[in-house]
Protein chains: 2
Amino acid sequence: MAPRSIALLGCTGSVGVAVLDVVAAHPDRFRVVAMAASGSNPSLLLEQIRLFRPKAVALWSVEAAERLRERLAGEPVEVLAGLTGVENIAAWDGVDMTVSAIVGAAGLRPTLAALRAGKDVALANKECLVMAGRFFMEEARRCGVRVIPVDSEHSAIFQVLFQGQRDQEEVSLHVDPSARLILTASGGPFRGFDAQRLTGVTLAQALNHPNWSMGRKITIDSATCMNKGLEVIEAHHLFGVDPGRIEVVIHPESIVHSMVAWPDGSVLAQLGVPDMRTPIAVALAWPERIAAPVPALDLVRVGTLRFFGPPDPAAFPCLELAYAALRRGGGAPAILNGANEVAVHAFLDRRIGFMEIPSLIEWTLEQADDAGEPGSVSDILEVDHWARGRADEWIVRYGKGPEVA
Amino acid sequence: MAPRSIALLGCTGSVGVAVLDVVAAHPDRFRVVAMAASGSNPSLLLEQIRLFRPKAVALWSVEAAERLRERLAGEPVEVLAGLTGVENIAAWDGVDMTVSAIVGAAGLRPTLAALRAGKDVALANKECLVMAGRFFMEEARRCGVRVIPVDSEHSAIFQVLFQGQRDQEEVSLHVDPSARLILTASGGPFRGFDAQRLTGVTLAQALNHPNWSMGRKITIDSATCMNKGLEVIEAHHLFGVDPGRIEVVIHPESIVHSMVAWPDGSVLAQLGVPDMRTPIAVALAWPERIAAPVPALDLVRVGTLRFFGPPDPAAFPCLELAYAALRRGGGAPAILNGANEVAVHAFLDRRIGFMEIPSLIEWTLEQADDAGEPGSVSDILEVDHWARGRADEWIVRYGKGPEVA
């Protein structure tokens, strides 16, 4: 059997690196033929190109692409640049599956390009679903391609729902309406803190996630619990489940990655050590199972699953903000997401304090009227642009800055 | 949609009663048209007949059947008797699914009759698979019927493997050979006891199972861990997994009912409160999900899954005896099962002590030569008969009786 051809968007990020780890363990099964990156880590990218020998590479940064083109002069690899370049990588001829691991709203258009070119999508980008879930899933159905989630929580739900699925052609991931989804959350580094204590936390503390090694944006989202809120929105769109049937349970050990519960009393769960290479291997090989360079979960050695508890909405209002945006619908999830991106970057730049993140998002959501339902992805990108503008405005008008230097 | 017609074998046992509970909750979905029982609980049976109004009932006991016939004279219910009567119930015309909940070797022939009549089988009887697994599963495939396990452990594995299965016609339950099955075991009332302490345990102690309310035979099997050994053999036949890829983990809370692990690091598990009505509802409605009269598992309230540990082969040799019989193959599992039934009944009759159960079984297995591979179910029933004779002989020759009155 010919190896599965893969386009990898976001190859130098933490998910991208993990994807390449899995691919490297199965050279007979997978071949990365096209790669895209931001351009912020040229030395790692060059190393990856030497190792995986893709036919084409695209960089968001036109300058970085130009420099890379010079470095690779005479070598058999095409170097593309900008959004169009990344879209071309996503839809590259002969690719069977596009792995979308670009962080943020920037991932939306290239991932749509992959769908429209008929590529199956392994989806690690959250924003495709958070900002444009309805359009995205409709487009996937229309194009008859599979969307397989890579996020550990959605992968868990996907696995328990579809492990026995033999029908390769099946595209809809909708679960029967009697099921409840239970997303687990580590609770992040500040689990147990109250709102008072959270106002004083530092950037370094927020970046110190207890279980997962991830990018900075998602690590902060994990500390505020917005990450879980975004995942609730994703789960709603992926699996067609109403917000009222999606619950969040705090499970600090990150061994149970999520669950599905039915009215017959049965709960199906996916467990494993917290390592992204497991959900990546699941997505790349589905419906087959392959070995991943991940230690097996040894429950006897683990001994105890110590804690399952409720989230604390007073200390972590971002989760409720996300539920509210999902229920409000229309452009609200895109506003939530855009405002959150601005807030997190401002926190990373030490321009606002930790508890200012939810305040900024709440205010931005309040500024929007719900006059027009977005009718297209372009409308959503406009809403996103509007939200970022208002979020910036909040920082100028109300931002107090980090309480702790 | 017309209700699903069900034949229920073993209606007055603990599983049978739970089946009727689920059926009673869904009068629009299910209709019990035929029932069979041992005859040992005539008043409960009469109550069930009045409530569920089956077209036919069979009793193993010919005398009990005669008495029931007199009680029901003039009512529109046929009363049958003996093995043939129970086989007729299993294969009753118009039945869609036969629930096999007869305890012991007596369940084998009626369940085969159901398969041969093209009935889907919800299987709670262990002996069909333990004694005659190869023949039984071959017959199911030949007849193109589904076998859906009702045992909580096998139901757990079935659910995680086949939740996404859409293809109703699929009969094979075989899992891909890279998977490992992890059966959980409560450890029974004597978890943590050593062999010395176990020699002195009483019948009352052995009958006091911490989590599950079950019949006396299976409760003793649970105390010796033979129950888990029999389940390993069942799992081997149901799912086509080598003994070396089936593990047992002690989990006293009985919340995780079993698991499947893949080489990508993923473990799928089924959880729920320990209540047989959940796996029964799963089997009756598969592939749909229905409500069962069972409290939902609330992991937040549970808080902690306290313990996962290794079994203790020195104190509970029955588990290893079962693995050895499975590896030896041929008639060995039937010998193990027959000898165990004799041993457990002798223990229930206070004729032998607790730790004599494994001694009796081990000796009986040693007496057998492996000259002839059983070529049919009749051969297996002969092996069973032989094993019971030798087991009785052990009691006479070596039995010391219970150390404690």
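Predicted, not measured: the structure shown is a model, and the values here were computed from it.

## Describing the overall build of chain A
Step number 1: For chain A, the count of helices and strands is 17 helices and 11 strands.
Step number 2: For chain A, whose C-alpha radius of gyration is 21 Å, the value lies close to the compact-globule estimate of 22 Å for 405 residues.
Step number 3: Here the C-alpha coordinates of chain A stretch approximately 60 × 50 × 45 Å along the principal axes.
Step number 4: Expressed as a percentage of its 405 residues, the buried residues of chain A come to 60%.
Step number 5: Put simply, 70% of the contacts in chain A that link residues at least 6 apart link residues at least 24 apart.
Step number 6: Total accessible area on chain A stands at roughly 15200 Å², and carbon and sulfur atoms take up 50% of it.

## Here we look at the sheet that holds strand β3 (residues 56-59) of chain B
Residue and element names in this part refer to chain B.
Step number 1: One open sheet holds the 7 strands; their spatial order is β4-β3-β2-β1-β5-β6-β7, and the pairing between them is parallel. With one partner strand each, in any of the chains shown, β4 (78-81) and β7 (147-149) form the two edges of the open sheet. Here the average twist between neighbouring strands, direction ignored, is 20°.
Step number 2: Of the strand pairs in this sheet, strand β1 (residues 4-9) and strand β5 (residues 97-100) are connected by 4 bridges, and their pairing is parallel.

## Observations concerning empty space enclosed by the protein
Residues and elements named next belong to chain B.
Step number 1: Using the criterion set out here, one finds 8 cavities of 30 Å³ or more in the structure.
Step number 2: In this model, the second largest cavity occupies a volume close to 50 Å³.
Step number 3: If you go around the second largest cavity, you meet 11 residues; those closest to its centre are Ser152, His257, Gln270, Thr278 and Pro279.
Step number 4: Looking at the lining of the second largest cavity, the elements that each hand over two or more residues are α7 (152-162) and α12 (277-285).
Step number 5: Considered class by class, the residues forming the lining of the second largest cavity number 3 nonpolar, 7 polar and 1 charged.

## Quick notes on the pairing of strand β8 (residues 180-185) of chain B
Residues and elements named next belong to chain B.
Step number 1: Among the 6 residues of β8, 5 are classified as buried, and the element is accordingly described as predominantly covered.
Step number 2: Where β8 and strand β9 (residues 246-250) come together, 5 bridges link them in parallel fashion. Paired with Thr184 across the two strands is Val249, which belongs to β9.

## Observations regarding the interface of chain A and chain B
Step number 1: Of the residues lining the interface, 46 residues belong to chain A; the matching set on chain B comes to 46 residues.
Step number 2: Of the roughly 3600 Å² buried between chain A and chain B on both sides combined, carbon and sulfur atoms contribute 57%.
Step number 3: Across the chain A-chain B interface, the total number found is 2 salt bridges.
Step number 4: The set of elements that each furnish at least two residues to the side of chain A that touches chain B consists of α7 (152-162), β11 (267-271), α12 (277-285) and α13 (299-302) of chain A.
Step number 5: The leading source of residues in the side of chain A that touches chain B is β11 of chain A, at 5 residues.
Step number 6: Looking at chain direction, β11 of chain A and strand β11 (residues 267-271) of chain B are connected through 5 bridges and run antiparallel.

## Looking at the side chain of Asn125 of chain A
Residues and elements named next belong to chain A.
Step number 1: Topologically, Asn125 is positioned in the loop between β6 (120-123) and α6 (127-143).
Step number 2: With relative accessibility at 1%, the residue Asn125 sits in the buried group.
Step number 3: Within the local environment of Asn125, its side chain forms a polar contact with the backbone oxygen of Ile102, the two atoms lying 2.8 Å apart.
Step number 4: Here the side chain of Asn125 touches Cys128 through a polar contact of 2.8 Å, landing on its backbone nitrogen.
Step number 5: Residue contacts for Asn125: discarding those within four places in its chain leaves Ser100, Ile102, Val103, Gly104, Gly107 and Glu234.

## Concerning the packing of α6 of chain A against helix α11 (residues 226-239) of chain A
Residues and elements named next belong to chain A.
Step number 1: Two numbers describe how α6 lies on α11: the axes approach to 9 Å, and their chain directions differ by 5°. For the element pair α6 / α11, the angle class is roughly parallel. Residues Leu129, Val130, Gly133, Arg134 and Met137 of α6 lie in contact with α11, whose contacting residues are Leu230, Ile233, Glu234, His237 and Leu238.
Step number 2: In terms of residue class, the contact of α6 with α11 is made up of 6 nonpolar, 2 polar and 2 charged.

## Considerations on the pattern of salt bridges
Step number 1: Inspection of the entire model under this criterion finds 44 salt bridges over all chains.
Step number 2: Here Asp264 of chain B ties to Arg289 of chain A by a salt bridge, and the two come within 2.9 Å at their closest N and O atoms. Highlighted residues: Asp264 of chain B in the loop between β10 (256-261) and β11 and Arg289 of chain A in the loop between α12 and α13, drawn from two different chains.
Step number 3: In this structure Asp264 of chain B comes out as buried when scored by relative accessible area, which is 0%.

## Some words on the relation of the copies chain A and chain B
Step number 1: Each copy of the sequence occupies a distinct position, and chain A is placed on chain B by a rotation of 180° and an axial shift of 0.0 Å, giving an RMSD of 0.0 Å. The operation mapping one copy onto its partner corresponds to a two-fold rotation axis.
Step number 2: When the interface residues of chain A are mapped onto chain B, 100% of them again lie at the interface, so the same face is used by both copies.

## Structural notes on the domain arrangement of chain A
Residues and elements named next belong to chain A.
Step number 1: Looking at the assigned domains, one finds that chain A contains domain 1 (4-150) and domain 2 (180-252 + 306-398).
Step number 2: With 20 residues of domain 1 at the interface, the matching set in domain 2 holds 26 residues.
Step number 3: Its largest share of buried area at the contact with domain 2, domain 1 owes to Lys126, Val130 and Met131, together 36% of the area lost on that side.
Step number 4: Ionic pairing is found between Glu373 and Arg134, a salt bridge with its closest N-O pair at 4.0 Å.
Step number 5: Taken together, domain 1 and domain 2 are joined by 3 residue pairs in polar contact (both at pLDDT 80 or more).

## Description of the packing of aromatic side chains
Step number 1: Here the structure, examined in full by the defined rule, presents 14 aromatic pairs over all chains.
Step number 2: With centroids separated by 5.2 Å and ring planes inclined at 40°, the aromatic side chains of Phe190 of chain B and Phe193 of chain B adopt a geometry described as tilted.
Step number 3: In this structure Phe190 of chain B comes out as buried when scored by relative accessible area, which is 1%.
Step number 4: Residue class for Phe193 of chain B comes out buried when judged on its relative accessible area of 13%.
Step number 5: Between Trp363 of chain B and Tyr398 of chain B, the ring centres sit 5.7 Å apart and the planes meet at 65°, which makes this aromatic pair edge-to-face. One end of the pair, Trp363 of chain B, is in helix α16 (residues 356-367); the other, Tyr398 of chain B, is in helix α17 (residues 377-398), with 35 residues separating them in the sequence.
Step number 6: Here the aromatic residues Phe190, Phe193, Phe347 and Phe354 of chain A are joined through ring pairs into a cluster of three or more.
Step number 7: Sitting above the plane of the Phe135 of chain A ring, Arg134 of chain A keeps its charged end 4.9 Å from the centroid.

## Here we look at the sheet that holds strand β8 (residues 180-185) of chain A
Step number 1: The 8 strands are arranged β9(A)-β8(A)-β10(A)-β11(A)-β11(B)-β10(B)-β8(B)-β9(B) in an open sheet whose pairing can be described as mixed. The two strands at the open ends of the sheet, each matched to only one other strand, are β9 (246-250) of chain A together with β9 of chain B. Ignoring which end each strand starts from, the neighbouring axes of this sheet average 20° apart.
Step number 2: Here β8 of chain B runs beside β10 of chain B; their pairing, made up of 4 bridges, is antiparallel.

## Description of helix α15 (residues 332-348) of chain B
Residue and element names in this part refer to chain B.
Step number 1: With 17 residues, α15 should cover 24 Å at 1.5 Å per step; its first-to-last C-alpha distance of 24 Å lies within 8% of that length.
Step number 2: Most of α15 sits inside the fold, with 16 of its 17 residues counted as buried.
Step number 3: Arg350 lies just past α15 and shows a positive phi near 60°.

## A closer look at unusual backbone geometry
Step number 1: With an omega of 5°, the peptide bond between Trp286 of chain A and Pro287 of chain A qualifies as cis.
Step number 2: With respect to the helices, strands and loops of the structure, Pro287 of chain A is situated in the loop between α12 and α13.
Step number 3: In this structure, Arg53 of chain B takes a positive phi of about 50° despite not being glycine.
Step number 4: Among the structural elements, Arg53 of chain B can be located in the loop between α2 (42-52) and β3.
Step number 5: A residue is classified by how much of its surface remains accessible, and Arg53 of chain B, at 52% relative accessible area, is exposed.
Step number 6: Unusually for a residue other than glycine, Arg350 of chain B sits at a positive phi of about 60°.

Definitions and cut-offs
Residues numbered from 1 in each chain as written. Chains lettered and ligands numbered in written order. Predicted model: local features only at pLDDT ≥ 70, side-chain atom pairs only at ≥ 80, totals over all residues. Heavy atoms only, no water. Helix = DSSP H or I, 4+ residues; strand = E, 2+ residues; numbered from the N terminus. Rg over C-alpha atoms; globule rule 2.2 N^0.38 Å. Buried < 20%, exposed > 50% of the residue type's maximum accessible area, 1.4 Å probe, protein only. Contact = heavy atoms within 4.5 Å. Areas by Shrake-Rupley, 256 points an atom, 1.4 Å probe, with all protein chains shown as cover. Pairing = 2+ DSSP bridges. Axes fitted to C-alpha atoms, helices over the stretch in contact; angles between N-to-C directions. 1 Å grid on protein atoms, 1.4 Å probe; cavity = no way out; pocket = protein on both sides within 12 Å on 5 of 7 lines; lining within 4 Å. Points joined across faces, edges and corners; volume = space filled by probe spheres on them. Nonpolar A, V, L, I, M, F, W, Y, C, P; charged D, E, K, R; others polar. Buried area = accessible area lost by both parts, 1.4 Å probe. Salt bridge = Lys/Arg side-chain N within 4 Å of Asp/Glu carboxyl O. Polar contact = N/O pair within 3.5 Å; in protein donor to acceptor, adjacent residues only side chain to side chain. Parallel < 35°, antiparallel > 145°, perpendicular 65-115°, else oblique. Least-squares fit on C-alpha atoms with pLDDT ≥ 70 in both. Domains from an automatic or database assignment. Phe/Tyr/Trp six-rings, centres within 6.5 Å; stacked < 30°, edge-to-face > 60°. Lys NZ or Arg CZ within 6 Å of the ring centre and 35° of its normal. Expected span 1.5 Å × (residues − 1).

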